[in-house]
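Here are the chains, one letter per residue:
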2 protein chains.
Amino acid sequence: MLARDLVVPCPTVGLDTGGLEATRVLAESELPGLVVVDEKGLPYTVLPHHQVLRFLVPDYLLEDPSLARVYGEVASDELSRELSRHRVRDVLPERAPEIPVLEGDDTSVEIATAMARIHTPLVAVVENRALIGAVTAASLLERLIGQ
Amino acid sequence: MLARDLVVPCPTVGLDTGGLEATRVLAESELPGLVVVDEKGLPYTVLPHHQVLRFLVPDYLLEDPSLARVYGEVASDELSRELSRHRVRDVLPERAPEIPVLEGDDTSVEIATAMARIHTPLVAVVENRALIGAVTAASLLERLIGQ
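Residues numbered from 1 in each chain as written. Chains lettered and ligands numbered in written order. Predicted model: local features only at pLDDT ≥ 70, side-chain atom pairs only at ≥ 80, totals over all residues. Heavy atoms only, no water.

(A) Geometry of the overall build of chain A. Counting its secondary structure elements, chain A contains eight helices and six strands. Each helix (α) and strand (β) of chain A, taken in turn from the N terminus, gives the series α-β-α-β-β-α-α-α-α-β-α-β-β-α. For chain A, buried positions account for 50% of its 147 residues. Pairs at least 24 residues apart make up 56% of the contacts formed inside chain A by residues separated by at least 6 positions. Here chain A has roughly 7,000 Å² of accessible surface; of this, 47% comes from carbon and sulfur atoms. Mean positive and mean negative side-chain charge positions of chain A (13 and 23 charges, respectively) differ by 3 Å. (Helix = DSSP H or I, 4+ residues; strand = E, 2+ residues; numbered from the N terminus. Buried < 20%, exposed > 50% of the residue type's maximum accessible area, 1.4 Å probe, protein only. Contact = heavy atoms within 4.5 Å. Areas by Shrake-Rupley, 256 points an atom, 1.4 Å probe, with all protein chains shown as cover. Lys, Arg positive; Asp, Glu negative; His and termini not counted. Charge placed at Lys NZ, Arg CZ, Asp CG, Glu CD.)

(B) Focus on the relation of the copies chain A and chain B. Least-squares fitting of chain A to chain B yields an RMSD of 0.0 Å, with the superposition described by an axial translation of 0.0 Å and a rotation of 180°. Considering both components of the superposition, the chain copies are consistent with a two-fold axis. No C-alpha of chain A approaches the rotation axis more nearly than that of P32 of chain A, which lies at 3.8 Å. Mapped onto chain B, 100% of the interface residues of chain A again fall at the interface, so both copies present the same surface. (Least-squares fit on C-alpha atoms with pLDDT ≥ 70 in both.)

(C) Structural view of the interface of chain A and chain B. Counting residues at the interface gives 48 residues for chain A and 48 residues for chain B. Both sides of the chain A and chain B interface together cover about 4,100 Å² of buried area, and 67% of this is carbon and sulfur. Here chain A and chain B share zero salt bridges between them. Here chain A is connected to chain B by two residue pairs in polar contact (both at pLDDT 80 or more). Among the elements of the structure, α2 (19-29), α3 (49-52), α4 (59-63), α5 (67-71), α6 (76-85), α7 (108-118) and α8 (137-144) of chain A are those that each provide at least two residues to the side of chain A that touches chain B. It is α7 of chain A that provides the largest number of residues to the side of chain A that touches chain B, a total of eight residues. (Buried area = accessible area lost by both parts, 1.4 Å probe. Salt bridge = Lys/Arg side-chain N within 4 Å of Asp/Glu carboxyl O. Polar contact = N/O pair within 3.5 Å; in protein donor to acceptor, adjacent residues only side chain to side chain.)

(D) A look at the environment of I118 of chain B. Residues and elements named next belong to chain B. Mapped onto the elements, I118 comes out in helix α7 (residues 108-118). The spacing of I118 and D106 is 12 residues in sequence and 16 Å in space, taken between C-alpha atoms. The residues touching I118, leaving out its near neighbours within four places in the chain, are E98, I99 and P100.

(E) Inspection of the packing of α7 of chain A against α8 of chain A at higher detail. Residue and element names in this part refer to chain A. Here α7 crosses α8 at 135°, and the two axes come no closer than 11 Å. By the angle class used here, α7 and α8 are oblique. Along this stretch, α7 crosses α8, giving a crossing that reads as left-handed. Residues S108, I111, A112 and M115 of α7 form the contact with α8, whose own contacting residues are A137, L140 and L144. By residue class, the composition of the contact of α7 with α8 is six nonpolar, one polar and no charged. (Axes fitted to C-alpha atoms, helices over the stretch in contact; angles between N-to-C directions. Parallel < 35°, antiparallel > 145°, perpendicular 65-115°, else oblique. Left-handed = near helix turned anticlockwise from the far one by under 90°. Nonpolar A, V, L, I, M, F, W, Y, C, P; charged D, E, K, R; others polar.)

(F) How the structure looks around the sheet that holds strand β2 (residues 33-37) of chain B. Residues and elements named next belong to chain B. In spatial order, the strands read β1-β2-β3; together these three strands make up an open sheet with mixed pairing. The sheet is open, and its two edges are formed by β1 (12-14) and β3 (43-48), each paired on a single side. Strand-to-strand twist across the sheet, computed as the mean angle between neighbouring axes with direction ignored, equals 35°. Note that β1 and β2 share three bridges and pair parallel. Residue pairing across strands places G14 opposite V37, the latter belonging to β2. Each of β1 and β2 touches helix α2 (residues 19-29); the most contacted strand, β2, lies at about 130° to it. (Pairing = 2+ DSSP bridges.)

Here you go:
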């Protein structure tokens, strides 16, 4: 079972895609993360949902979550404004993480190892220097246990 | 929008549930993680898919992923044996992480903050000292942007 046998199509966003658009793309995809590509269309990183939520959570709440309680509810239009202020590159982790990208002929063991190491629910798969799709940890797990 | 309005039912496993059963429960749930409960049935932690994949990946592959290539494919029955050797408590992170548990009256901002801080795709929700379900980061994001 190779990566190319497990891929599903995945939408992509660029480093300069706006936060609101990126969030919508992720929500519509039903995948557990968003593949971010560079200028050449090659995978740069994967943003899981919790990372995309960073678009919406001000830094001071991350530092002192007790303030989240007094923050109260936010209105949808306020959120949309907040999202529109950010671009994808604004929520990437500061240090370049190990890139969750595999090759089409990588084995299921290699995919599982990468997911467990990088703590990612999704990896991008390239073949002949082009993105061919993504593999979810959920589908890998299902296939591995034969469901 | 409060946590209790966002919960979906979630299956649970215990700390001593076997790896094979835990993996099957997760695969059947279609949730992005598995709620692990303690002896009292209260949430202990949440295991996302990549953490459950730890059941299947030997430690030495995590340390040197280049070995994953020569490891080759594994047979289903071999995997089942490997899974059966482990219990849930064997794949928990060594240090106790912040527990991904919220209260029914926590707001969407509190949930988003917790998910972004803990890097979790799923939080358990308790009310009156009982588990009432779980909230996924995906559904929170969809609701926040009004989809």
